[in-house]
Amino acid sequence: FSPPKEEQFETLEKAGMLHRTKTAEKGKRLRKNWSSSWTVLQGGVLTFFKDSKHSASGSVKHPSVLSSPEHTVELRGAMLSWAPKDKSSKKHVLELKTREGSEYLIQHDSETIISMWQKAIADSISRLPMD
Ligand code: I3S
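Let me begin by describing the structure that accompanies this report.

Conventions we followed
Residues numbered from 1 in each chain as written. Predicted model: local features only at pLDDT ≥ 70, side-chain atom pairs only at ≥ 80, totals over all residues. Heavy atoms only, no water. Pairing = 2+ DSSP bridges. Helix = DSSP H or I, 4+ residues; strand = E, 2+ residues; numbered from the N terminus. Near = heavy atom within 4 Å. Polar contact = N/O pair within 3.5 Å; in protein donor to acceptor, adjacent residues only side chain to side chain. Nonpolar A, V, L, I, M, F, W, Y, C, P; charged D, E, K, R; others polar. Salt bridge = Lys/Arg side-chain N within 4 Å of Asp/Glu carboxyl O. Buried < 20%, exposed > 50% of the residue type's maximum accessible area, 1.4 Å probe, protein only.

We now examine the pairing of strand β1 (residues 12-25). Taken together, the 8 bridges between β1 and strand β3 (residues 35-42) define a ladder with antiparallel strand orientation. Counterpart to A15 in the pairing with β3 is V40. Here β1 runs beside strand β8 (residues 103-107); their pairing, made up of 5 bridges, is antiparallel. Within β8, the residue paired with K22 across the bridge is Y104. Here β1 pairs with strand β2 (residues 28-29) via 2 bridges, running antiparallel. Of the residues in β2, the one forming a bridge with A24 is R29. Linkage of β1 to β2, two consecutive antiparallel strands, is achieved through a turn of 2 residues, within which K26 is found at a positive phi near 50°.

The next point concerns the site of the ligand. Lining the immediate environment of the ligand, one finds R31, K32, W34, S88, S89 and K90. Note that an oxygen atom of the ligand is positioned 3.0 Å from one of the side-chain N or O atoms of R31. Within the contact set of the ligand, an oxygen atom lies 2.6 Å away from a backbone nitrogen or oxygen of S89. Grouping the amino acids of the shell around the ligand by side-chain chemistry returns 1 nonpolar, 2 polar and 3 charged.

In this structure the tally under the stated criterion is 5 salt bridges. In this structure, R127 engages E13 in a salt bridge whose closest nitrogen and oxygen atoms are separated by 2.8 Å. Of this pair, R127 sits in helix α2 (residues 111-127) while E13 sits in strand β1, and the two are 114 residues apart along the sequence. A relative accessible area of 47% means that R127 is categorised as partly exposed.

Below, the structure is given as structure tokens:
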């Protein structure tokens, strides 16, 4: 199955539970505060939702009915890499740096799951124009 190209950009790319923490805002370092959140990757935007109650698959296609997003991360111009060891003692940690100078750590205990997120987010970034 391959959807029409115009629609591809709008459709849900990935959703699931992730551990995440914001580590910088507009270039200023923040104290880490890890939490689990339902995370949706769609149309070049990564959204972390506030609670995990809405993770039933029936809600996945309708993010508007979920609780309000806690963080909406614009992926255009962002950079994703595996976090250096000194950023966290956790394993399988991704570091996402936005164009606006915000930084997030994203983590999952499963290497398989975090690798799928790494690929999905990297693919999304690469499809967006740089400027
Ligand atoms: O880089 P740090 O300061 O070792 O990060 C840890 C802290 O954020 C810690 O919270 P407190 O600042 O309240 O102690 C968290 O509980 C830890 O999870 C953080 O370390 P990891 O290595 O898990 O990212």
